[in-house]
Amino acid sequence: MQKIKYKRILVKLSGEALLGDQVSGIDPKMIDKLSAELVGLRDAGVEVACVVGGGNLMRGASLADGGLDRVTADHMGMLATVMNALALQDGLLRQGAAALVMSGLAIPQVCETYTQRHARQHLAAGDIVIFAAGTGSPYFTTDTGASLRAVEVQADLLIKATKVDGIYDKDPMKHADARRFAQLNYDQAIDQRLAVMDVAAMILCNDNALQLVVCDINQSGALLDLARGELVGTRVSRNEVEK
């Protein structure tokens, strides 16, 4: 069996990844599928962290655009990520994995409050750790939260698992001639305004030399292939593109 290249990986899941075939909410079948992928990664010897968005339940930015106070709207969005994280934790526990949710907001009756030291301890012990509530502060996206947590726990790789198989020069859902990139650096992604992550998240990754891969979550085995160093989706590296 091919050796694992990345020892500690953070997987960023969009809230939409939990939808399955539904229009909104959480599909239990998708929870089981995603849990199986994460458990497979853990069983291969990877220390697994996860950040999940809340777009399937609530988008704070959309509420703010509609007139709601921005801080209130963002807090509502953070709580949506907590609900998704609890659902994912349940799926992992049902598959026999040790898993826990750590929240950027203090909700002690529901989950553990995030601290960097305890997060690293849990990961080193083999627990799958799900980070919820973003950074715990308004005005920051879950992409930025994922980048921050990945840097804080010293992850070797950040995977953004989406419904698209990489980064394109334009929306592949709207343009048949859209071109997919195999590799990029952060400067290219920022300068070309590619829909990867928000700029703050990419700057944080670049400043800390954290590699990012964007891949299709529906591609079975993609996470394990990435852990082994295989080129799946689009890889984004610091400065020069990794050879």
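Just so it is clear, the model here is predicted, and its values are computed rather than measured.

A separate point is the packing of aromatic side chains. To describe a pair of aromatic rings, you give the distance between the ring centres and the angle between the ring planes. Applying the stated criterion across every chain, the model contains one aromatic pair. Between Tyr 114 and Phe 131 the ring centres are 5.4 Å apart and the planes differ by 85 degrees, which places this aromatic pair in the edge-to-face class. In this pair, Tyr 114 sits in the loop between strand E4 (112–113) and helix H4 (116–124) while Phe 131 sits in strand E5 (residues 128–132), placing the two residues 17 residues apart along the sequence. Residue class for Tyr 114 comes out buried when judged on its relative accessible area of 13%. Overall, Phe 131 belongs to the buried group, its relative accessible area being 2%. It is Arg 149 that lies over the ring of Tyr 114; its NZ or CZ is 3.7 Å from the centre.

Turning our eyes to something else, we now look at the side chain of Ser 103. The residue Ser 103 is located in strand E3 (residues 99–103) in this model. Excluding residues that lie within four positions of it along the chain, Ser 103 makes contacts with Val 82, Cys 111, Glu 112, Thr 113, Tyr 114, Ala 132 and Ala 133.

The next point concerns the pattern of salt bridges. Following the criterion strictly, the structure yields nine salt bridges and no others. With its nearest N and O atoms 3.0 Å apart, the salt bridge here joins Arg 94 to Asp 32. Of the two residues, Arg 94 sits in helix H3 (residues 70–94) while Asp 32 sits in helix H1 (residues 28–43), which places them 62 residues apart along the sequence. What makes Asp 32 partly exposed here is its relative accessible area of 30%. A salt bridge links Asp 43 to Arg 42; its shortest N-O distance comes to 2.9 Å. What you see here is one network of salt bridges that share partners, running through Lys 12, Asp 143 and Lys 160.

Turning our eyes to something else, we now look at the pairing of strand E10 (residues 212–216). Burial within E10 is extensive, with five of its five residues counted as buried. Covered by surrounding structure in E10 are Leu 212, Val 214 and Asp 216 together with Val 213 and Cys 215, the residues of both alternating faces. Of the pairings in the sheet, the one linking strand E6 (residues 157–162) to E10 comprises five bridges and is parallel in character. Residue pairing in the sheet places Leu 158 in a bridge with Leu 212 of E10.

Procedures and definitions
Residues numbered from 1 in each chain as written. Predicted model: local features only at pLDDT ≥ 70, side-chain atom pairs only at ≥ 80, totals over all residues. Heavy atoms only, no water. Phe/Tyr/Trp six-rings, centres within 6.5 Å; stacked < 30°, edge-to-face > 60°. Helix = DSSP H or I, 4+ residues; strand = E, 2+ residues; numbered from the N terminus. Buried < 20%, exposed > 50% of the residue type's maximum accessible area, 1.4 Å probe, protein only. Lys NZ or Arg CZ within 6 Å of the ring centre and 35° of its normal. Contact = heavy atoms within 4.5 Å. Salt bridge = Lys/Arg side-chain N within 4 Å of Asp/Glu carboxyl O. Pairing = 2+ DSSP bridges.

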